[in-house]
Each structure stands twice: as C-alpha cells, then as structure tokens.
Amino acid sequence: MSQNNNVSISVEVVTGAKALRQFLALPHRIYASDPAWIAPLDFMKREQLSKANHFFEHARWRAWIAYRNGITVGRITAQIDEMHLQQHADAVGYFGMLEADDDPAIFSALFGAAEDWLRSEGMQQVRGPFNLHVNEEVGLLVDGFATAPYVLMGHARRWYGPSVEAQGYVGAKDLLAYQVRPDFEAPRVMERLASRVSQRVKVRPIRRKQLLEDARIMLEIFNDAWQKNWGFVPLAESDWLETVSTLAKLMPDDYIQIAEYDGEPVAFIVALPNLNEAAHDLNGRLLPFGWAKLLWRLKVRHPKTARVPLMGVKQSFQHSRLGPTLAFMVIDAVRKALHARGVKDVEMGWILEDNDGMRSIIETIGGVAYKRYRVYQKEL
C-alpha cells in the first residue's frame, strides 16, 4: 500500500474478487448525477480485465484503487504493451480506466502509484488514457460532455482534464468524434469519381460462411492502412478474430463492407449498432431480464444510432485520387445498410485532429465534430 501526504487517502493494488468488484463499481457512483452517462455492461468490463483478454498475451498491467476512510474514491490502471515497444522502441507505458472524485489529492495518489510502477518496469514516458490499449477506448473526453457516449466510447467528468494536467501531463494528440446522418446526399464529385471506377471497384458485405477469411482480409488492410498513424500498434490476429466473431453475432452482414480493386481487397469499414442505446436503462446488468431486453432491442427494434469505429484504405492508394474514392464508396455502402434499418444518426470516430484527408471526406458528407478526446503524456 502507498500513501500520499494526505493520510486519509490510500492507494492499493487491485487483487482478488472483492477489490475487482469495487474497481468496476466505482463509475456507477462517480456518474450517478450525470444524465449523459450510460453504464457499460458489467460482464464486458469483467471480461476485459480477465485472463480471457488476448491483450494480456503481449502486455503486463496493474490496477489500483484509491480509498478515503475505507470508501472507494478513485481508480487507475497502468499497462506496458510489448507490441507497442516492438513497434516504436520508445519505453512508453500507458495509463487508463481513470475515474476519481474531484480532489487533487486523489489524482496525485493514483498517478503516483501508476508512475512509480511504470518507472520500476523501465518506462521513461507515460501516455493515456488507453482502456486498455491504443486499439480500444482511446483518449479522455474534454469537450462534448452533454451527450451520451456511443458504444465503446469513453465518457468523463469535467474535472478530469484539468486534474490530469495538474499532475504534469500535456496533450499529445486530440481525436474527434463526428456525427453524420446516413440519409446524406452524396456529393456529386464523389459520385462521379465512384462511377469512373465502378467497373474495377466492387464493394461487398462480409461473407458469413467465410467469416475468418474476411476477418483476416480486414486485419491485413487495417495493419497496412494505419501503420503510419500516430501511436500505431498492429492489431494482433488472436484479438481481431475473436472480436469479429463476437461482432458478427450482433449485427447484419452489410454492416461490414469490403472494397476490392481488380479483385484485390483494398479498403473496409465496420459499423456497429449502438449498444449503449439498447442498454441505456439496464445499469450495466443483464440479469435477470436484461439479456432478453438487449437482444430484442438489437434484433427486433434495432437501435436508431450506430457507430463506425474502424475504416481503412491501403497505403498504396491513400495519396492518389482513388484513395478518397474508396473511402467514400465503403462509407456510402455502409450508410445505405444503416439507412435501410432506420438508423438516424451515426458516429464516426476516433478521427485524429490532424487527419485532414479523412476529416475533409466526413465533412463533405455533412459530418459535424461534436466530441473531442485528448491523449496525454508525461516524461517519467
């Protein structure tokens, strides 16, 4: 156990089932008075921190809880991803899953524990929040607190950003979430460009009978398309194949679209039904009747909102006229699928603030940036 100068606050490593329950339960109290917050499903968060998470095959981590007089008042994790270190050789560790009451002493105690552990493991810089890594929930919400988070997107209290900065952290990168209506009218210039290549580019949904083959196709495109992006870490095959297998059970085939140029897969897009809309009143629990409600809302009523978390165009096409055309064609294909099922609003994110090409495409189809997330870093 470690303590800061305020003797009433202690920070303890999470070990055992009781501490894990306290760790997972804390957000319910932190956000109790926040009407925008939607509780993530408890079983998903438990599984994320379990040995079943393939992330831990190439990462080590630790979690802490802050207590004041026996009451849980804060939490944090620290992670070291060997895949990141292999990719960048920069001795950078992560922090994540930050939640805390509005008290500088709590933030100081939590970050002190996380930073001490990262230093002891040889890290020279800390970056985050990542929950748990760069290909999951990324960044701290710093603008857009009034609206509910979409599936797999973070939420935050207004004091989090200033409290993190007070610990010596500076912004490393901002990411934007855009809101787009799927009934947008396609820009004529995009339609003309798509028409010119229509004989060579075919856009198709995933093939359920060849799901693993298509999952590997998307993995190859993603790892090629994103390799020059800031902070890029390749998706591990074991992580991705399990993710696609799980997602395929929750959504129609045409929510994933793959573009082929002369028969070669070169771009893809994934849309997710907004699970948060379907689970907004379940308080994170699926028992005793939450399962039935959730499945009915997903399969029968269908959410009226959706999120596009992943999209990629191979590097060899990105700096040609065909690059934005491919991006538009997969966006257009998935938006038709969403519109056909009554979806009214789509979130596209995270988009790097300095990704001018993608921002231009999204804004051309009527997208409006409505949330901002910030990744912080600090020298250790």
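Please read these numbers as outputs of a predicted model, since none were measured by experiment. (Residues numbered from 1 in each chain as written. Predicted model: local features only at pLDDT ≥ 70, side-chain atom pairs only at ≥ 80, totals over all residues. Heavy atoms only, no water.)

Enquirer: Describe helix H4 (residues 104-120), and please don't skip the residues or the numbers.
Expert: Taking 1.5 Å of rise per residue, 17 residues should cover 24 Å, and H4 covers 24 Å from first to last C-alpha, within 8% of that figure. Taken together, the buried positions of H4 are Ala105, Ile106, Phe107, Ala109, Leu110, Phe111, Ala113, Ala114, Glu115, Trp117 and Leu118. A side-chain oxygen of the first residue of H4 lies 2.9 Å from the backbone nitrogen of Ala105; this N-cap is Asp103. One or two steps after H4, the chain reaches Gly122, where phi turns positive at roughly 90°. (Helix = DSSP H or I, 4+ residues; strand = E, 2+ residues; numbered from the N terminus. Expected span 1.5 Å × (residues − 1). Buried < 20%, exposed > 50% of the residue type's maximum accessible area, 1.4 Å probe, protein only. Polar contact = N/O pair within 3.5 Å; in protein donor to acceptor, adjacent residues only side chain to side chain.)

Enquirer: Describe the packing of aromatic side chains, with residues and values.
Expert: Here the structure, examined in full by the defined rule, presents 13 aromatic pairs. With 5.2 Å between their ring centres and 20° between their planes, Phe56 and Trp61 make a pair best called stacked. Of the residues examined, Phe56 reaches a relative accessible area of 19% and is grouped as buried. Seen from their ring centres, Phe222 and Phe232 are 6.4 Å apart, and the 45° between their planes marks the pair as tilted. (Phe/Tyr/Trp six-rings, centres within 6.5 Å; stacked < 30°, edge-to-face > 60°.)

Enquirer: How would you explain the packing of helix H7 (residues 211-225) against helix H8 (residues 237-248) if you had to name every residue and give the values?
Expert: How two helices sit against one another is set out by the angle between their axes and by the gap between those axes. At their nearest, the axes of H7 and H8 sit 10 Å apart, and the two run at 125° to each other. By the angle class used here, H7 and H8 are oblique. Between H7 and H8 lies a crossing of right-handed hand. Every residue of H8 that contacts H7 at Leu211, Leu212, Ala215, Arg216, Met218 and Leu219 is listed here: Glu237, Trp240, Leu241, Val244, Ser245 and Ala248. Counted by class, the contact of H7 with H8 contains 9 nonpolar, 1 polar and 2 charged residues. (Axes fitted to C-alpha atoms, helices over the stretch in contact; angles between N-to-C directions. Parallel < 35°, antiparallel > 145°, perpendicular 65-115°, else oblique. Left-handed = near helix turned anticlockwise from the far one by under 90°. Contact = heavy atoms within 4.5 Å. Nonpolar A, V, L, I, M, F, W, Y, C, P; charged D, E, K, R; others polar.)

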